[in-house]
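Observations on chain architecture
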Amino acid sequence: MNHLAASELILNKDNSIYHLNLKPEHLADTVILVGDQNRVDKITKHFDKVEIAVKKREFHTQTGIYKGKRISVISTGIGTDNIDIVLNELDALVNIDFETRDMKAEKTSLNIIRVGTSGSIQKDIPVDSIVVSEMAVGFDNLLHFYQSDEVQLQDFNEAIEAHLGTYERNSKPYVVPANASLVEQFMSEQVFAGFTGSNSGFYAPQGRVLRLPLRDDNMKDKLATFSFKGKKITNLEMETSAIFGLSAMLGHKALSLNAIIANRATGNFTKDGAQAVENTIKYALDRIVSA
């Protein structure tokens, strides 16, 4: 079905997309996604100019020019549930005609780059470093609502599930790769290649204990000791797997850059998180315009 009812493609009175509050002309073909609304300004302060700024709920968008390249920066908030909203609405902005509510015959592919913070679970990836995610494993259940088998790495799915001994009541992990051309563009000797774990929460799902006991006391160690085809899970956060999976299904290119602000293996936390994020922002922007 190519024609979308008003209940499915929801538009605001000004014909902008429902949650992001954006119109097609507001969006650049290169999109940086950040979790924190305040990080949008930290990126666009480097721009030559900002053309548009739109805010609605946790979604803050600015589109402007950096060294001749038009870029949009959008805050997503925390979690893969928000990524489901953002990725579907970004795709709608470029691949659905808002006037007719029909799919466009010619599809547009966006470059989508996450710039976020993360915690390493490997001793050799120190705080204040940058991890470029070559692939991601999702411990949420988002992709299981879609016909997503073709974008998943099934052998990795099975290996991780067997290693973790996942309980039947938990969702099955799913593994998806980043876009290979973006990985090549952003990889260098300055960064670590990563296999990122995206969790459905910050505490128990990542093996943290405050007052509530965990169902599996060994979860953190199991994640850190997984190894398959020479790949270890390097870091944990809460968005990358959904970005990779939805982007691949929709025909967009996606990558994730992670500023490492904690090392769970050593117990270290960065002394200057703001600088770690700033370094990652500068690295991302310079790599974007190097293409």
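Since the structure is predicted, the reported quantities are computational estimates derived from the model, not experimental observations. (Residues numbered from 1 in each chain as written. Predicted model: local features only at pLDDT ≥ 70, side-chain atom pairs only at ≥ 80, totals over all residues. Heavy atoms only, no water.)

**Re unusual backbone geometry**
- Backbone geometry at N21 places phi at a positive 65°, although glycine is not the residue there.
- Relative to the helices and strands, N21 resides in the segment before β1 (30-34).
- In this structure, D128 is a non-glycine residue whose phi angle is positive, near 75°.
- Within the secondary structure, D128 is located in the loop between β7 (111-120) and β8 (130-138). (Helix = DSSP H or I, 4+ residues; strand = E, 2+ residues; numbered from the N terminus.)

**Considerations on the packing of aromatic side chains**
- Under the defined criterion, the tally for this structure stands at five aromatic pairs.
- Ring geometry for F195 versus F226: centroids 6.4 Å apart, planes at 70°, classification edge-to-face. Here F195, found in strand β10 (residues 192-198), pairs with F226, found in the loop between α5 (219-225) and β11 (227-228); they are 31 residues apart in sequence, far enough to count as distant.
- By relative accessible area, F226 is classed as buried at 3%.
- Taken together through their ring pairs, the aromatic side chains of F156, F195, F226 and F228 make up a single cluster.
- We note R208 situated over the ring of F202; from NZ or CZ to the ring centre the distance is 3.9 Å. (Phe/Tyr/Trp six-rings, centres within 6.5 Å; stacked < 30°, edge-to-face > 60°. Buried < 20%, exposed > 50% of the residue type's maximum accessible area, 1.4 Å probe, protein only. Lys NZ or Arg CZ within 6 Å of the ring centre and 35° of its normal.)

**Observations regarding the packing of helix α1 (residues 37-44) against helix α7 (residues 273-288)**
- Look at α1 against α7: their axes get within 10 Å of each other, and the N-to-C directions meet at 55°. As summarised for this structure, α1 and α7 are arranged oblique, according to the angle between their axes. At the point where α1 passes α7, the crossing takes the right-handed sense. Contact residues: α1 offers R39, K42 and I43, while α7 offers V277, E278, I281 and L285.
- Split by residue class, the contact of α1 with α7 holds four nonpolar, no polar and three charged. (Axes fitted to C-alpha atoms, helices over the stretch in contact; angles between N-to-C directions. Parallel < 35°, antiparallel > 145°, perpendicular 65-115°, else oblique. Left-handed = near helix turned anticlockwise from the far one by under 90°. Contact = heavy atoms within 4.5 Å. Nonpolar A, V, L, I, M, F, W, Y, C, P; charged D, E, K, R; others polar.)

**Re helix α3 (residues 154-164)**
- Listed as buried for α3 are F156, N157, A159, I160 and L164.
- Against β8, β9 (174-177), β10, α5, β11 and β12 (231-232) lie the buried residues of α3.
- Count one or two residues on from α3 and you reach G165, which has phi positive near 65°.

**Brief notes about the packing of helix α2 (residues 80-95) against helix α6 (residues 240-250)**
- Where α2 meets α6, the axes come as close as 9 Å, and the angle between the chain directions of the two elements is 25°. Comparing their axes, α6 and α2 come out roughly parallel. Of the two possible hands of crossing, α2 and α6 adopt the one that is right-handed. Residues T80, I83, D84, L87 and D91 of α2 pack against S241, A242, I243, L246, S247 and L250 of α6.
- Here the residues of the contact of α2 with α6 sort into six nonpolar, three polar and two charged.

**Description of α6**
- Across the 11 residues that make up α6, a large majority, eight, are buried.
- Count one or two residues on from α6 and you reach G251, which has phi positive near 90°.

**Some points on the environment of K232**
- With respect to the element layout, K232 can be found in strand β12.
- Classification of K232 by relative accessible area gives partly exposed; the value is 43%.
- Taking the C-alpha atoms as reference points, K232 and Q122, separated by 110 residues in sequence, lie 8.6 Å from one another.
- Among residues more than four places away in sequence, those in contact with K232 are Q122, F195, F226 and S227.

**Quick notes on empty space enclosed by the protein**
- Tallied over the full model, the rule gives one cavity of 30 Å³ or more.
- For the lining of the largest cavity, the secondary-structure elements that each account for two or more residues are β1 and β7.
- Of the residues in the lining of the largest cavity, the class split is five nonpolar, two polar and two charged. (1 Å grid on protein atoms, 1.4 Å probe; cavity = no way out; pocket = protein on both sides within 12 Å on 5 of 7 lines; lining within 4 Å. Points joined across faces, edges and corners; volume = space filled by probe spheres on them.)

**A closer look at the nonpolar core**
- Core analysis: the biggest nonpolar cluster contains 60 residues, and I17, I32, L33 and L90 have the highest contact counts within it.
- Per element, the largest residue contribution to this core is seven residues, and it comes from α2.
- When sequence neighbours within four positions are dropped, the list of residues in contact with L33 reads I74, T76, V86, L87, L90, I112, I113, R114, V115 and I243.
- Counting residues in hydrophobic clusters, the runner-up holds 16 residues, among them M135, M219, A224 and I233. (Core = buried A, V, L, I, M, F, W, Y, C linked by side-chain atoms within 4.5 Å.)

**Regarding the layout of surface pockets**
- The volume enclosed by the largest pocket comes to roughly 560 Å³.
- Lining of the largest pocket is provided by 23 residues; of these, E8, N88, E89, A92 and I96 occupy positions nearest its centre.
- Those elements giving two or more residues to the lining of the largest pocket turn out to be α2 and α6.
- The greatest single-element share of the lining of the largest pocket, amounting to seven residues, is contributed by α2.
- Each residue belonging to the lining of the largest pocket can be placed in one class, and the counts come to 14 nonpolar, four polar and five charged.

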